[in-house]
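# Observations on chain architecture
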Amino acid sequence: MSSAPVIVEATAKHTSTFIFMHGLGDTGHGWSSAIVSIRPSCMKIVCPTAPTQPVTLNAGFRMPSWFDLKSLDISGPEDEEGIRSATKIIHGMIDNEIEKGIPPARIVLGGFSQGGALALYSALTFTKPLAGIVALSCWLPLHKQFPAAKLNNNNIPIFQAHGDFDPVVRYKFGQLSASVLKSFMKDVTFKTYHGLSHSSSDAEMDDVRDVLAKWVK
């Protein structure tokens, strides 16, 4: 990792953890305050920052990126090696929380855009059941490899959210990812935010607050 993750400790007894990955070009600081304001008091927040690397989609410009983005088209080429490498980092962070005594079923993975894509892939390829996945304005990477690539169980709840005015990660891309997920996962919620572009909103954050409270009660 290029820098230490932003960590905000639980305000009550620490019994759950939320690991949340930012989008392309952002840092762990970009989401930490928003997440802290909606978490249950028992929940520790971990917001890692992606390593800085060249991004093909942005003409090779170097920026914080979990893996290379070659296209934002559903059928475009993907950086499989980079996705797998980033997934190992996230699996290591989950294992670190488990070693500290937090059961995997009390650990939530989440992310926005590229970070949400990584959250989905990392959670589905982890071998122990997690509390849930928060996938905001994102897609399922390497979707043609599923369900064969899935190592986790079918019951992990997934809360997927997308604005229908998203000009970056197209709304239809999110819908297609949700339909793929629903074909092999039992508890997938896909929520549409009307008029929302490639960003978040108070309504979306309120919904994330509700699912976090439900998953780690």
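On a predicted model such as this, the values are computed, not experimentally measured, just so you know. (Residues numbered from 1 in each chain as written. Predicted model: local features only at pLDDT ≥ 70, side-chain atom pairs only at ≥ 80, totals over all residues. Heavy atoms only, no water.)

### Observations regarding the state of the cysteines
One pass over the full model with this rule turns up 0 disulfides. Of the cysteine sulfurs around C42, a residue in no disulfide, the closest is that of C47, at 16 Å. (Disulfide = S-S within 2.5 Å.)

### What to know about the side chain of R39
For R39, the location among the structural elements is in the loop between α1 (29–36) and β3 (43–47). In this structure, R39 is buried with no salt-bridge partner, the nearest side chain bearing the opposite charge being E9 at 7.2 Å. Reaching out from R39, the side chain makes a polar contact with the backbone oxygen of E9 at a distance of 2.9 Å. A distance of 2.8 Å separates a polar side-chain atom of R39 from the backbone oxygen of M43. (Helix = DSSP H or I, 4+ residues; strand = E, 2+ residues; numbered from the N terminus. Buried < 20%, exposed > 50% of the residue type's maximum accessible area, 1.4 Å probe, protein only. Lys, Arg positive; Asp, Glu negative; His and termini not counted. Salt bridge = Lys/Arg side-chain N within 4 Å of Asp/Glu carboxyl O. Polar contact = N/O pair within 3.5 Å; in protein donor to acceptor, adjacent residues only side chain to side chain.)

### Re the packing of helix α2 (residues 80–99) against helix α3 (residues 114–124)
The N-to-C vectors of α2 and α3 enclose an angle of 70°; their axes lie 9 Å apart at closest approach. In this view, α2 runs roughly perpendicular relative to α3, as classed from their interaxial angle. Between α2, through I83, R84, A86, T87, I90 and H91, and α3, the contact on the second element is made entirely by L118, Y121 and S122. Of the residues in the contact of α2 with α3, the class split is 5 nonpolar, 3 polar and 1 charged. (Axes fitted to C-alpha atoms, helices over the stretch in contact; angles between N-to-C directions. Parallel < 35°, antiparallel > 145°, perpendicular 65-115°, else oblique. Contact = heavy atoms within 4.5 Å. Nonpolar A, V, L, I, M, F, W, Y, C, P; charged D, E, K, R; others polar.)

### With respect to the UniProt feature "domain: Phospholipase/carboxylesterase/thioesterase" (unreviewed entry) in the chain
Under the UniProt annotation, the feature "domain: Phospholipase/carboxylesterase/thioesterase" (unreviewed entry) is placed at residues 5–215. In residues 5–215, the share of helix is 31% and the share of strand is 21%. The end C-alpha atoms are 23 Å apart. (UniProt positions renumbered as here; feature names shortened; annotations may be inferred.)

### A few points about the environment of D210
Mapped onto the elements of the fold, D210 is located in helix α5 (residues 202–215). The exposure class of D210 is partly exposed, given its relative accessible area of 48%. For the pair D210 and V168, spaced 42 residues apart in sequence, the C-alpha to C-alpha distance is 27 Å.

### Some details on α3
Most of α3 sits out of view: 11 of its 11 residues are buried. Every buried residue belonging to α3 is among Q114, G115, G116, A117, L118, A119, L120, Y121, S122, A123 and L124, and all of these are buried. Close packing links the buried residues of α3 with β2 (16–21), α2, β6 (107–112), β7 (132–136), β8 (158–163) and α4 (171–182).

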